[in-house]
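# Residue-level structural notes
What follows is the residue order along each chain.
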Amino acid sequence: MPEATGIVGEFLSLREEADADLLAMQCGDFYEFFAEDAELVAEELDLKVSQKSSHGSSYPMAGVPVDDLTPYLKALVERGYRVAVADQYDTDDGGHAREVVRVVTPGTLLETSDADAQYLAAVVAGEGYGLAFADVTTGRFLVADAEDRGEALTELYRFSPVETLPGPEVRTDDDLLSELDGTLTLHETEAFAPKRAAHAVGEQFGRETVDRLDVSREAIAAAGAVLAYVEETGAGVLASMTRIGAHHGDDHVTLDATTQRNLELTETMHGESEGSLFSTIDHTETSAGGRLLKEWLCRPRRSPALLEERLACVEGLSTAAMAREELRDRLGEAYDLERLASRATHGSADARDLVAVQETLAVLPAVADVVSSTPDLADSPLTDRLEEPDREAAGALCRELEEAIAEDPPSTVTQGELLRRGYDPDLDEVIERHEAVQAWFDGLADREKRRHGLSHVTVDRNTTDGYYVQVGKSAADGVPEEYDEIKTLKNSKRFTTDELEEKERELLGLEEQRGELEYDLFAELRDRVGERAELLQDVGRTLAEVDVLAGLATHAAENRWIRPDLHAGEGLSIQAGRHPVVEGTTEFVPNDVALDDDRRFLIVTGPNMSGKSTYMRQVACIVLLAQIGSFVPAREAEIGLVDGIFTRVGALDELAGGRSTFMVEMSELSNILHSATEDSLVILDEVGRGTATYDGISIAWAATEYLHNEVGAKTLFATHYHELTGLADHLPRVGNVHVAAEEREGEVTFLRTIREGPTDRSYGIHVADLAGVPGPVVSRSREVLDRLRDEKAIEARGGGDDEPVQTVFDVGSGSFRGPANADGGERPAESRSSPESSDGGESTEGLDPDAKRVLEDLEGIDVAETAPIELLSKVSEWQRTLEDR
Ligand code: ADP
Ligand code: MG
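Conventions and cut-offs
Residues numbered from 1 in each chain as written. Chains lettered and ligands numbered in written order. Predicted model: local features only at pLDDT ≥ 70, side-chain atom pairs only at ≥ 80, totals over all residues. Heavy atoms only, no water. Near = heavy atom within 4 Å. Polar contact = N/O pair within 3.5 Å; in protein donor to acceptor, adjacent residues only side chain to side chain. Areas by Shrake-Rupley, 256 points an atom, 1.4 Å probe, with all protein chains shown as cover. Helix = DSSP H or I, 4+ residues; strand = E, 2+ residues; numbered from the N terminus. Salt bridge = Lys/Arg side-chain N within 4 Å of Asp/Glu carboxyl O. Buried < 20%, exposed > 50% of the residue type's maximum accessible area, 1.4 Å probe, protein only. Contact = heavy atoms within 4.5 Å. Axes fitted to C-alpha atoms, helices over the stretch in contact; angles between N-to-C directions. Parallel < 35°, antiparallel > 145°, perpendicular 65-115°, else oblique. Left-handed = near helix turned anticlockwise from the far one by under 90°. Expected span 1.5 Å × (residues − 1). Bend = angle between axes of the 7 residues up to and from the residue. Pairing = 2+ DSSP bridges. Core = buried A, V, L, I, M, F, W, Y, C linked by side-chain atoms within 4.5 Å. pLDDT = per-residue confidence, 0-100.

### Side note on the site of ligand 1
Among the 13 residues in the neighbourhood of ligand 1, the closest are listed as Val589, Met609, Lys612, Ser613 and Thr614. Here an oxygen atom of ligand 1 sits 3.2 Å away from a polar atom, N or O, in the main chain of Ser610. When ligand 1 sits alone it has 560 Å² of accessible area, and the protein chains cover 81% of it. With three residues, the top contributor of residues to the shell around ligand 1 is helix H23 (residues 612-626).

### Some thoughts on the pattern of salt bridges
Under the defined criterion, the tally for this structure stands at 43 salt bridges. Note that Arg15 and Asp37 form a salt bridge whose closest N and O atoms lie 2.7 Å from each other. With Arg15 in helix H1 (residues 6-17) and Asp37 in helix H2 (residues 35-45), this pair connects stretches of sequence that are 22 residues apart. Since its relative accessible area comes to 22%, Arg15 is described here as partly exposed. A relative accessible area of 5% means that Asp37 is categorised as buried. A cluster of three or more residues bridged by salt bridges with shared partners is formed by Arg140, Glu295, Arg299 and Arg541.

### Examining the side chain of Thr759
Mapped onto the fold, Thr759 is located in the loop between strand S27 (747-756) and helix H27 (763-770). What makes Thr759 buried here is its relative accessible area of 6%. Once residues lying within four places of it in the same chain are set aside, the contact partners of Thr759 are Thr605, Gly606, His722 and His738.

### Notes on the packing of helix H25 (residues 662-675) against helix H26 (residues 693-711)
Close contact between H25 and H26 brings their axes to 11 Å; oriented N to C, the two are set at 15°. When the interaxial angle is binned, H25 and H26 end up roughly parallel. As for how H25 packs across H26, the hand of that crossing is left-handed. Touching Phe662, Met666, Leu669 and Leu673 of H25 are Ile699, Ala703, Tyr706, Leu707 and Val711, all from H26.

### Things to note about helix H19 (residues 425-452)
An ideal rise of 1.5 Å per residue puts 40 Å on 28 residues; H19 measures up with 40 Å between its terminal C-alpha atoms. Leu444 marks where H19 bends most, by close to 45°. Of all the positions in H19, only Leu427, Asp428, Val430, Ile431, His434, Val437, Trp440, Phe441, Leu444, Ala445 and Glu448 are classed as buried. Looking at the buried side of H19, the elements it contacts are strand S14 (457-462), strand S15 (466-472) and helix H21 (498-531).

### Details of the sheet that holds S14
Within a sheet, neighbouring strands are paired by backbone hydrogen bonds and run either parallel or antiparallel to one another. Reading across the sheet, the four strands line up as S14-S15-S17-S16 and stay open at both edges, with antiparallel pairing between neighbours. Unpaired on one side and paired on the other, S14 and strand S16 (484-488) mark the two borders of the sheet. Each strand axis lies, on average, 35° off the axis of its neighbour in the sheet, ignoring direction. Bridge count between S16 and strand S17 (residues 492-496): four bridges; the pairing is antiparallel. Bridge assignment links Thr488 to a residue of S17, and that residue is Lys493. Each of S14 and S15 touches H19; the most contacted strand, S14, lies at about 145° to it. Packed onto the sheet, H21 meets S14, S15 and S17 and runs at close to 140° relative to S15.

### Concerning the pairing of strand S21 (residues 601-605)
Extensive coverage of S21 is indicated by the burial of five of its five residues. Of the strand pairs in this sheet, S21 and strand S26 (residues 734-744) are connected by five bridges, and their pairing is parallel. Bridge pairing in S26 places Val604 opposite Val737.

### Notes on the sheet that holds strand S1 (residues 22-27)
Taking strand neighbours across the sheet as the criterion, the six strands line up as S3-S4-S2-S1-S5-S6 in an open arrangement whose pairing is mixed. Among the strands making up the open sheet, the edge pair consists of strand S3 (50-54) and strand S6 (96-104). Neighbour-to-neighbour, the strand axes of this sheet turn through a mean angle of 35°, independent of strand direction. As judged from the eight bridges shared by strand S5 (residues 83-90) and S6, these two strands associate in the antiparallel manner. Looking at the pairing, Ala84 lines up with Val103 of S6.

### Things to note about the nonpolar core
Leu277, Leu361, Ile405, Leu572, Leu624 and Ile645 are the most contacted members of the largest nonpolar core, which has 106 residues in total. Considering each element in turn, this core owes the most residues, 13 residues, to helix H22 (residues 533-559). Grouped together as the second largest cluster of nonpolar side chains are 32 residues, Ala122, Val215, Ala222 and Tyr229 included.

### Some points on the confidence of the model for the chain
Residue-level pLDDT values for the chain average 86, and 90% of them are 70 or greater. The low-confidence segment residues 654-658 (pLDDT under 50) makes eleven contacts with residues lying over four places distant or belonging to another chain. Low pLDDT, under 50, characterises residues 804-842; the predicted model gives this stretch 81 contacts beyond four residues in sequence or across chains.

### Side note on unusual backbone geometry
Phi at Ala35 takes a positive value of approximately 55°, unusual for a residue other than glycine. Structurally, Ala35 can be placed in helix H2. Judged by its relative accessible area of 16%, Ala35 falls in the buried class. A positive phi angle, close to 70°, is found at Glu686, a residue other than glycine. Residue position: Glu686 is located in the loop between strand S24 (680-685) and H26. On the accessibility criterion, Glu686 (6% relative accessible area) is buried.

Written out as structure tokens, the structure reads:
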């Protein structure tokens, strides 16, 4: 193809310069995409492609009207494209030229309609990891340190950035990068250089900032890179980023990515938001409130003072039902102030946006009035919280806007009617003249009728004819001489006059003058609002907080949740606790939990589907809710504050999530064993399932000892390895509980009640029985199981005595003993060294090889791990084998 020239050539050369996937280039009233871009955009967005010829070649072309670009941009960026936008401007010689003014990327998209936070992140590796997070739509900017990759991922998961800039060292770290969901952008390496980054941070947030923040070089490098990137993409919002905060992991409860997923905080295991903890407790009225509640849920806190303050607010609000409803009504009138502030700074706010700012600022005193006139609330920390923003400045800005912006202004900012009379004397004069001419036109038809005795006279304007006097055909002969005919229609004629033309020029001139003057005044006003971004963010944040607290109170009041007692101690005592989400969908059976210094590790047993997982998650959710400052679903709750919540959810539930491999299971376990402390809460829902039974038990066993002896975390461990229940006899702080089930006439009824002690039976064999496995096989497997339990031994370590204790199960051998092995068992026979295997082969001895194979098969099956259909086919296969003997 010959080199393109003309407009396509210009497009292609801009396209090459721009660091983007696509270019939208303004050509008059359209933004055009050419060549490959046109085809791609057409396919993604269902646009029509036409052909543009340029010097003998033809190029695909697709365009959107200038005013419609935003939704197309949004759609493209949300699909992960970086889109450069080139605007057209007039050159001195009267021609046009174009220039890329912005590159819109997922993390710098201002026009989002999604209420969620939209973080742009940078992550830098050095001695540890440094991270920065910025939301250009709200001006939030945070930096954080992380000790290792795991912690860095935890922070990244917490903020869930839509776009991430990996630092130079991170770019080759596939383990980290593969865990990230959003777009990855390789930004220029120099932006991460420590000196340059520190300089950028100092310039943006003030010179002392770098010292004040007290974070690592890496975190500052990340912050600098984010700033450089936002600047470079031309989002024009740097001015709304007025403050930078350090996010200290220490203030927060550690919640790793897995735990956030397992507890279904913001979405369920199936990826739906319905059914998550967030969607259950979210009663916020504003999108800023919803965003803040999500933030609280993903970042529970450790400071008792802060939590008690929130709890006191929730308590006041939950009692004062009338005031609460009134507050929520008021909050319903608030708009997203943080986002409006960004748009004002960026210069994209229109007059309606400023009205929204004004109306939202007016909500603050209204909310404060409700609070101060309600005794339950007036004494609560809510009062102080409402004093935090500069109320006087907010009031002044609110009045200024109220006096400036016209009622119900248009959404265009260039055609006047934005501002009120009395706002500016010069403008008033133009408006007065403008309206006088308008009035002249308004009265023209009547005047002409009277003056010339005409009937059927109208005055109107359109784009081709301008203003005209239209006279019905019957009367058209009687028009005076000065009327110039400009058009004949079927039933009428159109005329103009010299006077009309002169007035029209005057009117157009005034319209233009008014439009320009209003726009200038409006832009000044908008800039002044943009300069108050920090104030708007304060007010927005305060309203969002009241919204969240009122929402929590609403949920508490409607669901009989109670205020938890927080303390710094070790204990955790919940009476009649419920699962916050499940209680909404079923007749829920409440359960207790009691952990203290002497009993910190509970082994939870019970049949499949009896409620083990629900019970443990309920405990974790209650602790988490308490540590965001919420009431909790229980009759009574005393909660020793934790520094982290760690969960590992077993094979079955994970299978539903489609990510169960043994490697994943082990890396999660490894993370818990490394990261949990004695102040943490650990939930283990099956460990070791993903491998052979002996392997699995060994790992579960050793992990229990380690958590009990070395880590000392509060732990709930649900397991189907009945063998583990024996540990309670030997490890002092381990206790057993089980979920009760009742069996009548071969039917198991789940009682959903937690009782002391281990469950009394192995339900795997029970299920085999229910499934119709032949009687001899079932009873034989009971025997095998009993023998496995009784005869083989493993010592429990850490029982207090120095001597290991002999008990229950020998994983060292992992085999049948004696003759069974001797005559062709596949397993190693080293266990024959064990002296007490006297009756080892007795019962299998009488069986033929086929039956033995069936038994081995049966023993090797993990009922919970095998699909029912597969179980069925196995059973019928066994039956066939046995019948064929
Ligand atoms: P397990 O982990 O023992 O297999 P789950 O915790 O997955 O069992 O619970 C199985 C089912 O029982 C779930 O559908 C859950 O909703 C229900 N369930 C669990 N606990 C309770 C309870 N306390 N009250 C009512 N239903 C419950
Ligand atoms: Mg379970």
